[in-house]
Amino acid sequence: MNEIPRSLFQRWWHSFEEDAGGVAVYRSEGYDFPLARGRDGLEFLTDGAFIDYLVGAGDAPESMHGRWRLLESRRLAITFPGTDHPGRELEVLSCDEHLLKTRPTSQ
């Protein structure tokens, strides 16, 4: 992956049941998830905006707006300027229109 795949630019929900070996698995909007007490999610926009969806009160998602940027071919930096929400770096292992796999990288 030398450039960002177009399929990354959508809303993703964490399929934590599928996580393994330090790899986080996300599924696209509309996936038929098993019941859970809320799900974290994320969304990448083409203009560099990023939305972190966190499980909030009543298990409903709350959004935290930030920015993403490409560090190198597969590594992204995510920041939340003007907030105390922690930023992070992640490596995109694979991405198609239905499935996203990521792994955190050291900063």
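Shown above is the structure to which this text applies.
Reading the values: the criteria
- Residues numbered from 1 in each chain as written.
- Predicted model: local features only at pLDDT ≥ 70, side-chain atom pairs only at ≥ 80, totals over all residues.
- Heavy atoms only, no water.
- Phe/Tyr/Trp six-rings, centres within 6.5 Å; stacked < 30°, edge-to-face > 60°.
- Helix = DSSP H or I, 4+ residues; strand = E, 2+ residues; numbered from the N terminus.
- Buried < 20%, exposed > 50% of the residue type's maximum accessible area, 1.4 Å probe, protein only.
- Pairing = 2+ DSSP bridges.
- Salt bridge = Lys/Arg side-chain N within 4 Å of Asp/Glu carboxyl O.
- Core = buried A, V, L, I, M, F, W, Y, C linked by side-chain atoms within 4.5 Å.
- Contact = heavy atoms within 4.5 Å.

Asker: Explain the packing of aromatic side chains to me, please; I cannot follow it from the model alone.
Answerer: For the structure shown, the criterion picks out six aromatic pairs. With 6.0 Å between their ring centres and 70° between their planes, Phe50 and Phe80 make a pair best called edge-to-face. You can see Phe50 sitting in strand β4 (residues 49-55) and its partner Phe80 sitting in the loop between β6 (75-79) and β7 (88-95), a full 30 residues away along the chain. Here Phe80 falls in the buried class, since its relative accessible area comes to 4%.

Asker: Please explain the environment of Trp12 as it appears in this structure.
Answerer: With respect to the helices and strands, the residue Trp12 is situated in strand β1 (residues 11-14). Between the C-alpha atom of Trp12 and that of Ser28, which follows or precedes it by 16 residues, the distance is 4.8 Å.

Asker: Explanation requested: the pairing of β7 in the structure shown.
Answerer: Moving residue by residue along a regular strand, the side chains alternate between the two faces of the sheet. Taken together, the four bridges between β6 and β7 define a ladder with antiparallel strand orientation. The residue bridging Arg75 from the neighbouring strand is Glu91, located in β7. Both β7 and strand β8 (residues 99-104) contribute to a ladder of five bridges, which runs antiparallel. Bridge pairing in β8 links Ser94 to Lys101. Between the end of β7 and the start of β8, which pair antiparallel, lie three residues.

Asker: Help me understand the pattern of salt bridges in this model?
Answerer: Once their charged atoms are close, side chains differing in charge can pair, the charge on each being opposite to the other. Counted according to the given criterion, the structure contains seven salt bridges. When the shortest N-O distance is used, the salt bridge between Arg75 and Glu72 registers 3.4 Å. By relative accessible area, which is 45% here, Glu72 ends up partly exposed. Taken together, the shared-partner salt bridges connect Glu72, Arg75 and Glu89 into one network.

Asker: Could you clarify how one ought to interpret the pairing of β8 in this entry?
Answerer: With four bridges connecting them, strand β2 (residues 24-28) and β8 associate as antiparallel partners. Of the residues in β8, the one forming a bridge with Ala24 is Thr102.

Asker: What am I meant to see in the nonpolar core here?
Answerer: Nonpolar side chains tend toward joint burial in soluble globular proteins. Judged by nonpolar contacts, the single largest core of 16 residues is most densely connected at Leu8, Trp12, Phe44, Leu76 and Leu100. In terms of residues, this core owes the most to one element, β7, which gives three residues. Setting aside anything within four residues of it in sequence, one finds Leu8 in contact with Phe44, Leu76, Cys95 and Leu100.

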